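Chain by chain, the residues run as shown.
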Amino acid sequence: MKTSSNRGIRRLADLSLASAIALGVGAFALLPGKAAAEDSALVIARDIDINSLDPSRAWCDTCQIYMSNVYETLIGLDKDNKTLKPRLATKWEANADQSQFTFSLDPDAKFSDGTPVEAKDVKWSMERLENIKGGASYMMDSVKSIEAKDAHTVVVTLSGPNSEFLNILTAPYTGIVNSKVATENGAVATPGADTADKAESWFMQHSAGSGAYELVDYKPGEELRFKANPAYKRTKIGVANIVIKETKDSVTQAQQLESGNADVAMQIDPDTAKTIKADSVSAETVPSYNFLYVALSPGAKEGGKLLTKDVREAIGLALDYDGIIDFTVGGAGSKIASPIPNGFPGTAGLPEPKQDLEKAKELMKKAGYADGFELNDAFPNMNVYGVDMSLLNQKIQQDLAKINIKVKLTPIEFSVWRDRVKSEGIALTTLFFAPDYYGSAQYVEYFGMIKDNPWWNRAGGKRDASFTNPQTDATLQKVLAASEVEKDGFYKQLAEQMISDRIIIPVVSPNLVLAHGKNVSGVRYSACCNLMMDEISRQ
Amino acid sequence: MTRYIVRRLISIPLLLLGIVSIAFFISHTTQGDPLISIIGDRQMDNPDAVAAAKARWGLDKSLPEQYVTYLQNLATGDLGTSFRTKQPVATDLLTRLPATLELVIAAMLIGSIAGIVLGILAARFRDTVIDHLARLAALAGSSTPVFWSGLILLYIFSVVLGWLPGPGRFDARAIAPQSITGFLTIDALLTGDIRGFGQAVYHLVLPATVLGWTVMGIVSRLVRASMLDVLSQDYIVAARARGAGELRVLLNHALRNALVPTLTILGFTFAYLITGAVLTETIFAWPGIGSYAVDATRNLDYPAIIGVTIVGGSAFLISNLMTDIAYAFADPRLRLS
């Protein structure tokens with residue numbers, strides 16, 4: 001006699017078998033033909049690190065790409081990564097001491113809904129960026145007031161001279177938003193916007209810019225989809241639809257390119273790039289403005305006191321810079337003299353860092369540490385710009401062992417690292433930096449040993465201010481008021497001061513691999529904007 | 001049985017409250033600051049920006065206050081807003097759960113069918129080449145790390161042979177079917193998009209096989225052991241003596257009893273895979289609960305972490321109950337109380 005449970009199992013088995021057959025048949029019988037994939041979206045394989053698509057809150061590498069292509073800034077950066085070029089502003093002029101700037105807007109510029117870009121939108125966007133207090137609000141720190149003189153003229157007055165203000169305006173985070181559309185969806189630009197503004201969730205699914213593309217859809221963890229903005233007339237757009245597809249690691253990005261499932265990838269590390277064999281793929285290695293650095297914190301609660309000026313100097317001399325480049329990026333990188341990227345103002349003619357073990361040992365002896373000491377090295381456990389931070393720190397550990405510093409490595413999550421740096425400081429650590437725009441003041445304001453600067457705080461300036469460099473603050477004020485001709489000289493002085501501080505010791509500027517299908521052209525690395533999608537075309 | 005099921009159903013919310021509370025306090029007391037993923041590293045040194053972000057996300061309140069607020073919101077079905085996606089966590093989970101379920105169901109089908117077949121063959125042909133090969137396949141399935149097998153199979157079948165697509169649920173160049181249920185295969189059929197259905201199945205094959213392989217390893221070993229045990233029983237000898245065919249003996253007499261312990265494991269495996277398919281989802285860029293959990297954890301996205309914990313906890317509790325019920329159906333000698 002058959003029981004009901006017996007029949008149940010048999011039914012289940014039949015159903016399972018039928019499903020398996022259906023799956024198998026379905027997969028192979030209904031394979032989409034190659035033709036189905038043609039004349040469709042261009043695919044960029046990328047680890048999508050978006051924290052927000054709200055122009056005033058966004059702060060990430062993918063956000064740079066998004067902002068650059070969806071929202072236009074007043075000023076653009078030319079292909080040489082140095083020259084400022086008109087974008088929404090067709091022309092601009094500064095007063096004598098560079099504290100007031102007047103911009104004339106392009107009368108033909110239109111947002112994606114067809115409405116013209118006007119001075120009120122510029123004023124609103126800049127004020128919102130400041131008042132939201134998001135990731136990039138510090139860019140508006142020097143702004144005192146913004147005045148819309150007429151529909152196409154904007155006057156920005158700063159609280160003091162800032163010769164780098166025009167460069168700041170090339171940063172994608174300063175992109176101009178359609179104020180009417182944004183306000184209708186809960187956006188607020190006035191003081192108090194940090195709590196009153198309710199537009200972020202709207203911005204996660206909609207865009208309101210005048211850039212070459214507009215947002216079609218964002219699926220976190222899956223894709224970011226764009227379509228060409230029909231109102232955009234500044235350049236001819238080569239590809240109508242673009243998708244940034246979530247592809248976490250370098251190897252998978254390379255595989256996607258080789259199999260033709262992706263068209264562009266910019267996060268492939270140099271070692272993986274060497275394994276690309278497909279004739280259909282081009283992988284060009286170019287210098288980048290990104291760099292990784294060792295940071296020493298004399299004010300760290302644990303081990304900070306050991307890091308006297310001589311010891312810091314010794315550590316700088318003990319590092320094998322060539323070896324680090326070979327070990328971490330297979331030689332595909334550059335040495336970098338100061339915490340300002342090669343090619344930025346003030347870096348020409350700076351001496352390259354060199355290992356000098358004898359001198360390093362002498363300095364250790366002079367500091368009273370000939371027999372060395374133990375030092376904790378806590379660093380974010382991540383792979384950034386193609387560099388495995390664990391590998392980098394292992395190499396640093398080997399190098400410092402040669403001057404009897406026994407480094408104990410502690411890889412930690414970035415959020416934990418950040419918490420520790422803020423609370424007690426970390427005597428020895430490593431981190432990375434990518435520019436927000438072309439200009440050197442951003443580095444001095446971040447790395448310079450000026451009271452209350454980010455790295456002055458992190459190095460423990462509030463516990464031990466002995467490493468404050470008053471010269472740096474004075475020189476920075478001079479350069480911010482300087483003319484174009486004088487700037488390079490001042491920045492060189494600032495670079496030298498930061499080198500001599502030995503708080504921030506850059507170790508490698510990894511090259512960037514621009515990998516794309518050979519049928520794709522116009523892929524380039526931009527210092528401000530990462531990737532300009534409107535320059536890309538496909539045969 | 002009905003009383004048993006009702007009692008178990010009543011206990012689920014209480015157990016979930018315990019799970020939520022543990023998840024809340026562990027996530028909030030873990031070292032690290034979630035603000036870094038909200039305002040970025042640079043602004044972490046700006047007290048105004050930090051204060052504004054804390055106030056906006058309710059992180060300026062004491063931990064007990066945050067806990068009470070969370071429970072109050074939870075009682076109304078509000079799981080909070082993700083720090084990362086800026087969408088309600090409930091929306092995120094509902095968007096991602098179908099992707100995971102689609103993958104896990106396909107993997108369970110592949111793994112359980114292949115595992116049962118291999119287990120039967122291995123038991124029937126004990127100590128022969130078939131048995132050794134089946135055990136080798138099972139061993140490989142349960143011991144091969146998914147991150148390795150996933151990458152290797154992806155390389156072979158997608159890059160080298162070009163037979164199967166790369167990561168993702170759908171061809172990035174194409175537009176996916178309109179979301180109705182969230183299951184791409186079903187949505188494609190509902191919208192009459194046959195090519196879309198093919199695409200969805202095509203993208204499902206490789207990740208489901210990789211994930212199903214681990215299921216197969218577990219199932220086949222269990223079925224083999226159970227079958228060997230059952231095949232030596234007197235009633236099997238009696239069945240054969242009565243002249244029952246070998247297939248009938250294996251499927252009708254032996255497998256039915258051998259499946260009972262397998263059902264328990266299948267239930268737990270299903271629940272485990274809901275949140276445990278992390279590596280497969282990461283390698284195959286599968287936008288499901290697993291990859292959501294990874295992102296949430298890395299960014300200390302508290303509401304998302306607790307939301308995923310609720311889903312995982314619910315999956316275990318419900319699958320446990322379902323397994324017990326299925327167990328009773330499969331073996332009438334068992335009575336639930």
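Residues numbered from 1 in each chain as written. Chains lettered and ligands numbered in written order. Predicted model: local features only at pLDDT ≥ 70, side-chain atom pairs only at ≥ 80, totals over all residues.

1. Some points on the overall build of chain B
At step 1: Secondary structure assignment for chain B yields 14 helices and zero strands.
At step 2: Going residue by residue from the N terminus, the α and β elements of chain B occur as α-α-α-α-α-α-α-α-α-α-α-α-α-α.
At step 3: For chain B, the C-alpha atoms occupy an extent of roughly 85 × 55 × 40 Å along the three principal directions.
At step 4: In chain B, which comprises 337 residues, the share counted as buried stands at 49%.
At step 5: Nonlocal contacts in chain B, meaning residues at least 24 apart in sequence, comprise 70% of its contacts between residues at least 6 apart. (Helix = DSSP H or I, 4+ residues; strand = E, 2+ residues; numbered from the N terminus. Buried ≥ 20, exposed ≤ 12 C-beta atoms within 10 Å, placed from the backbone. Contact = placed C-beta atoms within 7 Å.)

2. Some remarks on the domain arrangement of chain A
Residues and elements named next belong to chain A.
At step 1: By the assigned domains, chain A splits into domain 1 (45–284 + 514–538) and domain 2 (291–510).
At step 2: Here the C-alpha centroids of domain 1 and domain 2 sit 30 Å apart.
At step 3: Listed per partner, the contact involves 20 residues of domain 1 and 16 residues of domain 2.
At step 4: Looking at the side of domain 1 that touches domain 2, the elements that each hand over two or more residues are α4 (165–168) and α9 (270–274).
At step 5: Class assignment for the residues of the side of domain 1 that touches domain 2 results in seven nonpolar, seven polar and six charged. (Domains from an automatic or database assignment. Nonpolar A, V, L, I, M, F, W, Y, C, P; charged D, E, K, R; others polar.)

3. Some details on the confidence of the model for chain B
Residues and elements named next belong to chain B.
At step 1: Residue-level pLDDT values for chain B average 88, and 98% of them are 70 or greater.
At step 2: Of all helices and strands in chain B, the one with the weakest mean pLDDT is helix α11 (residues 246–276) (81), whereas helix α4 (residues 63–75) scores best (95).
At step 3: Listed scores for the predicted complex are pTM 0.86 and ipTM 0.81. (pLDDT = per-residue confidence, 0-100.)

4. Brief notes about the sheet that holds strand β9 (residues 223–228) of chain A
Residues and elements named next belong to chain A.
At step 1: Here seven strands make up an open sheet; going across it, the order is β8-β9-β10-β1-β11-β21-β12 and the pairing mixed. A single partner strand is all that each edge strand has here, and the edge strands are β8 (213–219) and β12 (281–286).
At step 2: Of the strand pairs in this sheet, β8 and β9 are connected by six bridges, and their pairing is antiparallel. In the strand pairing of β9, Lys 219 is matched with Glu 223.
At step 3: Across the sheet, helix α2 (residues 61–70) touches β1 (42–46), β8, β9 and β10 (241–246), and the angle it forms with β8 is around 145°. (Pairing = 2+ DSSP bridges. Axes fitted to C-alpha atoms, helices over the stretch in contact; angles between N-to-C directions.)

5. Considering the packing of helix α11 (residues 321–329) of chain A against helix α13 (residues 389–401) of chain A
All names here are of chain A.
At step 1: Close contact between α11 and α13 brings their axes to 9 Å; oriented N to C, the two are set at 150°. Considering the angle they form, α11 stands roughly antiparallel to α13. When you trace α11 past α13, the crossing you get is right-handed. Together, Gly 323, Ile 324, Phe 327 and Thr 328 of α11 and Leu 391, Leu 392 and Lys 395 of α13 make up the contact between the two elements.
At step 2: Tallied by class, the residues present in the contact of α11 with α13 amount to four nonpolar, two polar and one charged. (Parallel < 35°, antiparallel > 145°, perpendicular 65-115°, else oblique. Left-handed = near helix turned anticlockwise from the far one by under 90°.)

6. Brief notes about the pairing of strand β4 (residues 89–94) of chain A
All names here are of chain A.
At step 1: Pairing of β4 with strand β5 (residues 100–105) involves five bridges; the strand directions are antiparallel. Bridge pairing links Glu 93 to Thr 102 in β5.
At step 2: Hairpin remark: β4 followed by β5, antiparallel, with five residues in the connecting loop; positive phi at Gln 98, about 60°.

7. Some points on the interface of chain A and chain B
At step 1: Each partner contributes residues to the interface: chain A has 59 residues there, and chain B has 64 residues.
At step 2: Breaking the side of chain A that touches chain B down by element, the ones donating at least two residues are α1 (4–29), α6 (193–196), α7 (200–203), β10, α8 (250–258), α14 (414–423) and α16 (454–458) of chain A.
At step 3: Of the residues that constitute the side of chain A that touches chain B, the class distribution is 21 nonpolar, 24 polar and 14 charged.

8. Digging into the nonpolar core
At step 1: Counting residues in hydrophobic clusters, the biggest one holds 173 residues, and the most contacted among them are A:Ile242, A:Ala265, A:Tyr293, A:Ala314 and A:Val507.
At step 2: In contact with A:Val507, other than residues within four places in its own chain, are A:Leu292, A:Tyr293, A:Val294, A:Leu319, A:Tyr321 and A:Ile324.
At step 3: If you look at the next biggest cluster of nonpolar residues, it comprises 78 residues, including B:Leu184, B:Phe197, B:Phe270 and B:Leu273. (Core = buried A, V, L, I, M, F, W, Y, C linked by C-beta atoms within 7 Å.)

9. Topic: the domain arrangement of chain B
Residues and elements named next belong to chain B.
At step 1: We note that the domain assignment places domain 1 (2–75) and domain 2 (92–330) within chain B.
At step 2: At the junction of the two partners, domain 1 supplies 15 residues and domain 2 supplies 13 residues.
At step 3: For the side of domain 1 that touches domain 2, the element with the highest residue contribution is helix α1 (residues 2–29), accounting for eleven residues.
At step 4: Of the residues assigned to the side of domain 1 that touches domain 2, the class counts are nine nonpolar, five polar and one charged.

10. A short note on the sheet that holds β5(A)
All names here are of chain A.
At step 1: Strand order in the open sheet formed by four strands is β4-β5-β7-β6, with antiparallel pairing between adjacent strands. Edge positions in the sheet fall to β4 and β6 (143–150), since each of these pairs with one other strand and no more. Averaged over neighbouring strand pairs, the angle between their axes works out to 20° when direction is ignored.
At step 2: Taken strand by strand, helix α3 (residues 119–132) contacts β5, β6 and β7 (153–158), and its axis lies near 165° from that of β6.

11. Notes on the pairing of strand β19 (residues 428–433) of chain A
Residue and element names in this part refer to chain A.
At step 1: Summarising burial for β19: five of the six residues are buried, a large majority.
At step 2: Here strand β13 (residues 291–296) runs beside β19; their pairing, made up of six bridges, is antiparallel. Residue pairing for β19: Phe 291 is matched across the bridge by Phe 433.

12. Details of the confidence of the model for chain A
At step 1: Looking at chain A, pLDDT values average 91 and 93% of them are 70 or higher.
At step 2: A low-confidence stretch, residues 1–39 of chain A stays under pLDDT 50, and its non-local contacts, those more than four residues away or across chains, total 40 contacts.

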